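# Survey of secondary and tertiary structure
Each chain is listed here by its residues.
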Amino acid sequence: MAAMMLCTCSGDQSKFEEMPQSPESLATRDFSASASCSRTGNRETTPDDSQVNEVESDLRETLSLNYEEARALLGRLEYQRGNFDAALQVLQGIDIRSLKPRMTTAITESAKPRVSPRSSRRKTSQVNGMLVHMSMHSVSLLLEAILLKAKSLESLGRVTDAAEECRTIIDIVESAWPSGVPEGTSEECKLIDMFHSALEYLPNLWMRSGCFEEAIIAYRRALARPWNLDSQRSANLQKDLAVTLLYCGIEVKSTQEFNQQQNMEVWKSTPYDKVKSLHKLEMEAWLDLASIYTKLESWHDSNICLYKAESINSFNSKCWHVKGLILEAQSLHQEALSAFSFSLSINPDYAPSMVCMAGILRNLGGKSLPIARTFLRNAIRLEPTNHKAWLGLGLVSKSEGLPLEAADCFKAAYELRELSPIQDFSEQLPILLH
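Computed from a prediction, not measured in an experiment: that's the story for all the values here.

### A word on the overall build of the protein
When its secondary structure is counted, the protein shows 23 helices and two strands. Counting over 434 residues, the protein shows a buried share of 44%. Considering only contacts within the protein whose residues lie at least 6 apart along the sequence, 65% involve residues at least 24 apart. Surface summary for the protein: the accessible area is close to 22900 Å², and the carbon and sulfur share equals 53%.

Shown next, in the form of structure tokens:
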């Protein structure tokens, strides 16, 4: 029945008849029927009316249904019927790798101002039978196909493969929107819904497959850009990340490969850069968590996280910088100054510590103001787009009675803050960890 619908609803039966009918497609249909019967016995496997109507609606919207979109719809039906093997076999026939450039372009173009109908018709002209422009409906349909393929793989026990598929969705959207979801994008957009689902789904898949480092990366990837996540979704992701950092894999001092072998020969055969990269990842994770607990004024927890980071590498600028932040948050200003100074002794060009030192010196006032100004100017020289440095310089200028200079600095800080595409996820509030 699904095949008949594809022919009658496409509006151009001749196109569909010219489509190559591979033995695989016929085998898929036969396989679906036999597999569902063998698994479910007397259970009814015919899709209900709402499922069929949903497919018909999608078909009417897709005026030029192509081979990949047809497979996406058929794969959806098989998945809804619980035939995960058949759904996977259908969806594997979609060549997402070759479609990725067109999908990325379509998503990018969707955020641009609409062109005139005549110009739009020129864009959707065909070259060798293939549409040059892909509609957002088609993109959403294909993203859904990738997500359903991942869920089918998970249902069949292939969790790592499912994670790799799910990551494809994030790769495509992130390539199209490197600075996050553009302003004016409809929250009701099906593409956004698919993307948000993938952002939540991916770290869970990595966790289930035991790839804790990949899970941490996936969590940070979901929280690093303005993806228009609702407050509950964002809070859940941050809470899950905190739990992951605390309980799932950070205590381990080696990768799974090392744990499986449990002997020093593996360490000897592993390149030094790989080991160094792993400890750096573990240390960054603890420092990020320490920053989160500092903002929650949970000093005990933040100090535990800092201790974990220092146990990996105590001679590190960021470790001492985070220690300074914890002390400053408790109004221990002199101790904080010492921590920031030690951070700069390790790396004299570490701009975040310069900015924080300047903030404490500015509050002290008097003769400390010129020193604060020097730190801030050095920070701006190193990082010209550091909006915190410009804000601090504006506050110092205001304290020194230089209102015009202060206004210029405030303006620069505001503009840079608005243009900043990537934010430290530990700065995103509110967050719920309890």
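Next, the rest of the story.
### Side note on helix H17 (residues 299-312)
Across its 14 residues, H17 extends 20 Å between first and last C-alpha, which sits within 8% of the 20 Å expected from 1.5 Å per residue. Considered for burial, the residues of H17 that qualify are Ser302, Cys305, Leu306 and Ala309. In an axial view of H17, the angular spread of the buried residues amounts to 100°, which keeps them on one side of the axis. Along H17, exposed side chains directed more than 90 degrees from the buried face belong to His300, Tyr307 and Ser311.

### Some words on the pattern of salt bridges
Charged atoms that come close allow side chains of opposite charge to pair. For the coordinates displayed, the defined rule picks out 18 salt bridges. Put simply, Glu154 and Arg208 hold a salt bridge, and the shortest N to O gap is 2.4 Å. Residue Glu154 is found in helix H9 (residues 136-155), and its partner Arg208 is found in helix H11 (residues 190-208); the two are separated by 54 residues along the sequence. With a relative accessible area of 54%, Arg208 lands in the exposed category. Residue Glu200 is joined to Arg233 by a salt bridge in which the shortest nitrogen-to-oxygen separation is 2.9 Å. One end of the pair, Glu200, is in helix H11; the other, Arg233, is in helix H13 (residues 231-247), with 33 residues separating them in the sequence. On the basis of relative accessible area, Glu200 is assigned to the partly exposed category, the value being 26%.

### Examining helix H23 (residues 403-419)
Note: α-helices contain 3.6 residues per turn, so residues at a spacing of three or four share the same orientation. Compared with the 24 Å implied by 1.5 Å per residue over 17 residues, the 24 Å span of H23 between its first and last C-alpha is a close match. Turning to H23, its buried residues are Ala406, Cys409, Ala412, Ala413 and Leu416. One side of H23 carries all its buried residues, which in axial view fall inside an arc of 125°. Within H23, the exposed residues directed more than 90 degrees away from the buried face are Pro403, Leu404, Asp408, Lys411, Tyr414, Glu418 and Leu419. Residues of H23 that are buried in the fold lie against helix H22 (387-399).

### Points about the packing of helix H7 (residues 96-110) against H9
For any two helices packed against each other, the geometry comes down to the angle between their axes and how far apart the axes lie. At their nearest, the axes of H7 and H9 sit 10 Å apart, and the two run at 130° to each other. Between H7 and H9, the angle falls in the class oblique. Taken as a pair, H7 and H9 cross one another with a handedness that is left-handed. Residues Ile96, Leu99, Met103, Ala106, Ile107 and Ser110 of H7 pack against Met136, Val139, Leu142, Leu143 and Ile146 of H9.

### Let's talk about the packing of aromatic side chains
Inspection of the entire model under this criterion finds three aromatic pairs. Aromatic side chains Tyr79 and Phe84 sit 5.4 Å apart centroid to centroid with 55° between the ring planes, which places their arrangement in the tilted category. Residue class for Tyr79 comes out partly exposed when judged on its relative accessible area of 21%. Aromatic side chains Phe195 and Trp227 sit 4.8 Å apart centroid to centroid with 80° between the ring planes, which places their arrangement in the edge-to-face category. Of this pair, Phe195 sits in helix H11 while Trp227 sits in the loop between helix H12 (212-223) and H13, and the two are 32 residues apart along the sequence. For the pair Phe195 and Trp227, one class covers both residues: buried.

### Concerning unusual backbone geometry
Positioned with a positive phi, Glu297 is a non-glycine residue whose angle comes to about 60°. As for its position among the elements, Glu297 is in the loop between helix H16 (272-295) and H17. Despite not being glycine, Ser331 has its phi angle at roughly 65°, a positive value. Position of Ser331 among the secondary structure elements: in the loop between helix H18 (317-329) and helix H19 (333-346).

### Let's talk about the confidence of the model for the protein
Mean pLDDT over the protein works out to 76, with 69% of the residues at or above the 70 mark. Across residues 1-45, confidence stays below pLDDT 50; counting only partners more than four residues off in sequence or on other chains, it has 50 contacts. Ignoring residues within four places in sequence, the model shows residues 117-131, a span with pLDDT below 50, making 15 contacts including any to other chains.

### Focus: the side chain of Ser152
Along the chain, Ser152 falls in helix H9. The exposure class of Ser152 is buried, given its relative accessible area of 0%. Excluding residues within four positions of it along the chain, Ser152 makes contact with Tyr79, Phe84, Ala87 and Leu88.

### With respect to the packing of helix H6 (residues 84-91) against H9
Where H6 meets H9, the closest approach of the two axes is 9 Å, and the angle between their N-to-C directions is 140°. On the basis of the axis angle, H6 is oblique to H9. Crossing geometry of H6 relative to H9 is assigned as left-handed. Together, Phe84, Ala87, Leu88 and Leu91 of H6 and Ala145, Leu148, Lys149, Ser152, Leu153 and Ser155 of H9 make up the contact between the two elements. Across the contact of H6 with H9, the residue classes tally to seven nonpolar, two polar and one charged.

### Thoughts on the nonpolar core
One finds Ile94, Met103, Ile107, Val139, Leu143, Trp177 and Leu191 to be the most contacted residues of the largest nonpolar core, which totals 55 residues. The set of elements that each furnish at least two residues to this core consists of helix H5 (67-80), H6, H7, H9, helix H10 (159-176), H11, H12 and H13. Per element, the largest residue contribution to this core is 11 residues, and it comes from H11. Residue contacts for Trp177: discarding those within four places in its chain leaves Ile107, Thr108, Ser110, Ala111, Pro182, Thr185, Leu191, Ile192 and Trp227. Leu344, Cys356, Met357 and Cys409 belong to the second largest nonpolar core, which has 25 residues in total.

Conventions adopted
- Residues numbered from 1 in each chain as written.
- Predicted model: local features only at pLDDT ≥ 70, side-chain atom pairs only at ≥ 80, totals over all residues.
- Heavy atoms only, no water.
- Helix = DSSP H or I, 4+ residues; strand = E, 2+ residues; numbered from the N terminus.
- Buried < 20%, exposed > 50% of the residue type's maximum accessible area, 1.4 Å probe, protein only.
- Contact = heavy atoms within 4.5 Å.
- Areas by Shrake-Rupley, 256 points an atom, 1.4 Å probe, with all protein chains shown as cover.
- Expected span 1.5 Å × (residues − 1).
- Arc of directions from axis to C-beta.
- Salt bridge = Lys/Arg side-chain N within 4 Å of Asp/Glu carboxyl O.
- Axes fitted to C-alpha atoms, helices over the stretch in contact; angles between N-to-C directions.
- Parallel < 35°, antiparallel > 145°, perpendicular 65-115°, else oblique.
- Left-handed = near helix turned anticlockwise from the far one by under 90°.
- Phe/Tyr/Trp six-rings, centres within 6.5 Å; stacked < 30°, edge-to-face > 60°.
- pLDDT = per-residue confidence, 0-100.
- Nonpolar A, V, L, I, M, F, W, Y, C, P; charged D, E, K, R; others polar.
- Core = buried A, V, L, I, M, F, W, Y, C linked by side-chain atoms within 4.5 Å.

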